[in-house]
Amino acid sequence: DAGVIQSPRHEVTEMGQEVTLRCKPISGHNSLFWYRQTMMRGLELLIYFNNNVPIDDSGMPEDRFSAKMPNASFSTLKIQPSEPRDSAVYFCASRFRGNYGYTFGSGTRLTVV
Amino acid sequence: AQTVTQSQPEMSVQEAETVTLSCTYDTSESDYYLFWYKQPPSRQMILVIRQEAYKQQNATENRFSVNFQKAAKSFSLKISDSQLGDAAMYFCAYRSLSREYGNKLVFGAGTILRVKS
């Protein structure tokens, strides 16, 4: 089991550019979560999917953020245009229905300059 | 909405000694899950221990144990025989079982644990 795989591990981009973060959940897991971690706000949920369907996107900060899950094995989080305040570590996590635990990926550290 | 509070931004412990990290939460629900996650400098989020609210018995995982006080809405983590590898940020997290709140985790702000040799 390779775990939850996120790419890239680090991303540095210029303000105004589009950024796409990628996540491959564990095979068989049917829930997928995107979290953002910053010093100021801690870990906050951005959006989560059940069976590839977005359930709660109330944490998405603004229209510049969008997330998709076209199939059970892939999800993306896109920021367009990016701003310096988007700099954070973005985590993806997945869970199998009926299980307690969530498995997190290693995160993507995004720096917008 | 549920909230999780970790009132200790930072804690220190001597190697081989015991330390307790505090966590309180606010909820009107009677059934839920509670978790402690460890985040070392590698930033990987690692599940340390979990507790089901309907269980009165405190969860234990090797050197890690919890003190779950449901009425007080308190969920502290005790680390015995602390090791250098325990140094990390520790997060307390709550998960509702209500369909209304979904199955998302709500995290506290975290406690940095330093282990002195």
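The structure presented is a predicted model; accordingly, all values stated were derived computationally and were not measured.

S.K.: Where do I start with the nonpolar core in this structure?
M.R.: Buried together is how nonpolar side chains tend to be arranged in soluble globular proteins. Core analysis: the largest hydrophobic core is formed by 25 residues, its most contacted members being Tyr25(B), Trp36(B), Phe75(B), Leu77(B), Tyr90(B) and Leu113(B). Sorting the residues of this core by element identifies β3 (19–21), β5 (32–39), β6 (46–52), β8 (64–69), β9 (74–79), β10 (88–96) and β12 (111–116) of chain B as the ones contributing at least two each. For Tyr90(B), the contacting residues outside a window of four places in its chain are Gln6(B), Leu21(B), Trp36(B), Tyr37(B), Lys38(B), Val48(B), Phe64(B), Leu77(B), Ile79(B), Gly110(B), Thr111(B) and Leu113(B). Counting 21 residues, the second largest nonpolar core, distinct from the first, contains Ile26(A), Leu77(A), Ile79(A) and Ala88(A).

S.K.: When you look at the pairing of β12(B) in this model, what are you seeing that I'm missing?
M.R.: All names here are of chain B. Covered by surrounding structure in β12 are Thr111, Leu113 and Val115 only, the residues Ile112, Arg114 and Lys116 on the alternate face being uncovered. Pairing of strand β2 (residues 10–14) with β12, which is carried by 5 bridges, proceeds in the parallel orientation. By the bridge assignment for β12, Gln14 is matched with Lys116. As paired elements, β10 and β12 share 3 bridges and run antiparallel to each other. Each bridged residue has a counterpart across the sheet, and for Tyr90 the counterpart in β12 is Thr111.

S.K.: What is the right way to look at the environment of Met15(A) in this model?
M.R.: Mapped onto the secondary structure, Met15(A) falls in the loop between β2 (10–13) and β3 (19–24). If near-sequence neighbours (up to four positions away) are discounted, Met15(A) is found in contact with Ser82(A), Glu83(A), Pro84(A), Val112(A) and Val113(A).

S.K.: Mind showing me how you'd approach the pattern of salt bridges here?
M.R.: Two side chains with opposite charge may pair up if their charged atoms get near one another. For the coordinates displayed, the defined rule picks out 14 salt bridges over all chains. Between Glu83(A) and Arg85(A) there is a salt bridge, with its nearest N and O atoms 2.6 Å apart. Judged by relative accessible area, which is 53%, Arg85(A) ranks as exposed. The partner of Glu10(B) in a salt bridge is Arg114(B), and the shortest N-O contact between them spans 2.5 Å. Here Arg114(B) lies in strand β12 and Glu10(B) lies in strand β2, a separation of 104 residues in the sequence. Among the charged side chains, a salt-bridge network with shared partners connects Glu62(A), Arg64(A), Glu83(A), Arg85(A) and Asp86(A).

What counts, and at which threshold
- Residues numbered from 1 in each chain as written.
- Chains lettered and ligands numbered in written order.
- Predicted model: local features only at pLDDT ≥ 70, side-chain atom pairs only at ≥ 80, totals over all residues.
- Heavy atoms only, no water.
- Core = buried A, V, L, I, M, F, W, Y, C linked by side-chain atoms within 4.5 Å.
- Buried < 20%, exposed > 50% of the residue type's maximum accessible area, 1.4 Å probe, protein only.
- Helix = DSSP H or I, 4+ residues; strand = E, 2+ residues; numbered from the N terminus.
- Contact = heavy atoms within 4.5 Å.
- Pairing = 2+ DSSP bridges.
- Salt bridge = Lys/Arg side-chain N within 4 Å of Asp/Glu carboxyl O.

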